Structures are given as C-alpha cells and as structure tokens.
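Summary of structural features
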Amino acid sequence: MSSQLNTVSVVLATFNGAKFLRAQLESIAKQTLPVDEIVVGDDGSRDDTLEILEEYQRPGHPHKLPLRIIRHERQMGPARNFECLMRASKHDIILFSDQDDIWMSDRVLRSVKALQVTDADYVFGDATIIDEVSRPSGQTLWNDVFFSKQEREAMRSGSGFNVLMRHNVVTGATLGIRRRVLDWVLPLAEGWMHDGWIALIAEALGTSTMIEDPVISYRRHRHQQIGAVGLHPIRLARFISNQQRSGLELEAQSYRLAAQRLLHLGVGAAKQPNIEARISQLETKAAFLEQRARGRDFGRIRRLLDAPVLESARGYRRFALGWRSFVVDMLAPRSSHKAKL
C-alpha cells in the first residue's frame, strides 16, 4: 500500500455519549492498522463526553489517541456535524464513526485494503447488532435493513445505484470514503442524512465496494440519535404512524435535490457514462413519492381502490421495498389536512 493510502482520518460525532464512548474509543485504539487522526465534533454534550475525550488525549494514557476535538457553539444535529468533520479532516481515507458502537479490530485495515484493491470511491460493510450491555442480538445490520442477497449481488456487479434507488443499505457507522468524494457530496443537501446522501451521489458518479463480514458491532439502544428502523415492532409502528404526506413530499424534494447535484456536477466529473439516465431515475422516484403522498389525503379503502395497480407495482419494485412499502402506505394514517401543491 502506498503511504498516502495508509493515511486515515476518523470522523466521530458525539452528543451526550458518555455511557458507551469509552468502549468505542478503546476499539479504535486497538486497531491492527492505526489511524492518523480522529476528528471529533461534539454537539453540546451535557454529560461527561468531553471529559472522556480529553482523557484519551493525555500523554500518559495507555491508549492515547490522535484526537482533535471541535466543540460546536450551536447544536448542529448529526448530519451537519458530520459535514463539519468531513471538511476538517486531513487524510486521504475518511472512516465514519458513531459514538456508541464497537469496531472489529481490523475494521481500518479491511476498509483501506478494500478501497485500494478495487480503486473504489467508497466502502461499507455489515455489522453485528448488540444491545446496551454489548450482548449480540443474533441479527446483522444488513438483514435488519432488508439488504437481500439479490441486492448484494447487484451491488457487486455494478448495479448499486438501482439498489439505492429502492432504499439506503449503507449505514454511516460502517462507511469509508476517499477524499475525492468530498468534491461530489459537499455541501450535504437538505433533507438527507450524511450516509444516504454520500452513498447515493458516490454510487451515481463513482464506484463502491463491500466488506461482506461485519466490520463493527452496531449498538441499538433507546437513546441513540439515529439508526435503522429494523424489525422491532415498536419502531415499526412508530415508523408507520409517522408516514405523513408532508414527510413523503420532503423525501421527494430530497431526490430532486440529488438530481440537481448530478446535473450541476456534469458528466465530466463522473466515472459513469449514464448520468443522464440516473438523473431521470431520480426525477421518476420523486414523482412516485409525490404520488404516494397524495394517497394520504384519502382513507385506506379509497387509497387502495385509487391505486393504479400496474404503475404502482412497478414503482414499488423500482423505488421502494415492494410489498412492504405498499403495506405501509395502506396502513399509514390519513393526513389531517391536504397539503398545498
């Protein structure tokens, strides 16, 4: 590996993360390939998060880390926090870290090797799911987000953009990118979390590679700021109840912003020869989301009867999770009032 590709920045967003932060920092400290810097953005923690971070900066600490801490004066939220950290990072490979997970000891080494061997623009992997006391749940993150074997094969064969048009399968806690990707993805568009936006734009303009085995233990707990919905019945019920017309309209707008970004960057910036087709896909998905949003104005029976069957079936297969998304649309509550178009 070239010396340049051995240089790694970790970007770590924190907010009241004291309960699990030490375990994460210890796992980074014990990597088989050490990182060159860890840029931490603290979003106004009121617990012992900052004290723990400063502890790992001290020269006498047995697992001293190359930490650089940015304290935000105003709370930014996770996406803007990570945007700030990406801009502040210095090295060629940028690995993303949540505050409450635990990295496998070779996460850095495998991520760097995967990017170098394939010359891909970004890498992501699977994760084992653990609970608050680090007990494995028996589930993996990819299974939990319905990342099927067929979709994995599509990602491997270069059809990852079609997968991401259905749903995001890239969790930020396992994500790594080359520095050149920043020119494509910054600034982050409104309405997007950092991982979904980075994966979609980088897949549209470049290439990806996957690490099939878990690279981290992904902690699921009741206080986490962001995370996959998964199969938990309470999370699913909350997700369905929150599927309002306004949310779908905002999601549609977010895909239009993605189309605008690709149009702005132009074909000359891309490795992919079919950017115009991908822009068209993004616009078509936005229109499908707007169609789903309009259905919220009606009761469930009228919603079902009015659905254009063949068009909807194609849309749910191309731009959603098939029958799962259809069921969510049928069960979602009616909008309290019609939104203006």
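Provided above is the structure to which this section pertains.
Residues numbered from 1 in each chain as written. Predicted model: local features only at pLDDT ≥ 70, side-chain atom pairs only at ≥ 80, totals over all residues. Heavy atoms only, no water.

**Here's the deal with the overall build of the protein chain**
Note the cut-off: Put simply, DSSP marks the helices as runs of H or I at least four residues long and the strands as runs of E at least two long, and each gets a number from the N terminus on. In what follows, a contact means two residues having at least one pair of non-hydrogen atoms within 4.5 Å.
When helices and strands are tallied, the protein chain shows 15 helices and 9 strands. Sequence separation of at least 24 residues holds for 78% of the intrachain contacts in the protein chain that already meet a minimum separation of 6.

**Digging into the pairing of strand β6 (residues 122-130)**
Put simply, the rule is: Throughout, exposure labels follow a simple rule: accessible area from a 1.4 Å probe, protein chains only, divided by the maximum for the residue type, with under 20% read as buried, over 50% as exposed, and the rest as partly exposed. The pairing criterion for strands is at least two bridges between them, as found by DSSP.
Among the 9 residues in β6, 8 count as buried, and that is most of the element. As paired strands, β6 and strand β8 (residues 176-178) are joined by 2 bridges and run antiparallel to one another. In the strand pairing of β8, V123 is matched with G176. Relative to strand β9 (residues 208-219), β6 runs parallel, the two sharing 9 bridges. Directly across from G125, in β9, lies its bridge partner I211. As defined by bridge partners, β6 adjoins strand β7 (residues 136-140) across 2 bridges and the pair is classed as antiparallel.

**Some thoughts on the packing of aromatic side chains**
Worth spelling out the cut-off: The criterion for an aromatic pair is that two Phe, Tyr or Trp rings (for Trp, the six-membered ring) have centres within 6.5 Å, with stacked assigned to planes under 30 degrees apart, edge-to-face to planes over 60 apart and tilted to the rest.
Applying the stated criterion to the full structure yields 10 aromatic pairs. For the pair F82 and F96, a centre-to-centre distance of 5.7 Å together with 50° between the ring planes defines the contact as tilted. Residue F82 is located in helix α3 (residues 78-88), and its partner F96 is located in strand β4 (residues 93-97); the two are separated by 14 residues in the primary sequence. Among the aromatic residues, ring-to-ring pairing joins Y122, F124, W142 and F147 into one connected group.

**Some thoughts on unusual backbone geometry**
Where the residue is not glycine, phi is negative for most of them; where a peptide bond is considered, it is trans in most cases. A cis amide bond links L186 to the next residue, P187, at an omega of -5°. Checked against the element boundaries, P187 lands in the loop between α8 (182-185) and α9 (194-205).

**What to know about the nonpolar core**
The criterion, for reference: Buried Ala, Val, Leu, Ile, Met, Phe, Trp, Tyr and Cys residues that are joined via side-chain atoms within 4.5 Å together make up what is termed a nonpolar core.
Of all hydrophobic cores here, the largest spans 93 residues; its most connected members are Y122 and I177. Residue contributions to this core peak at 8 residues, all from α9.

**Notes on the pairing of β4**
Counting buried residues in β4 gives 5 out of 5 residues, a clear majority hidden from the surface. On β4, burial covers both faces: I93, L95 and S97 on one face and I94 and F96 on the other are all buried. Looking at chain direction, strand β1 (residues 8-14) and β4 are connected through 5 bridges and run parallel. By the bridge assignment, L12 is partnered in β4 with S97. In this sheet, β8 lies alongside β4 in antiparallel orientation, the contact comprising 3 bridges. Counterpart to I94 in the pairing with β8 is I177.

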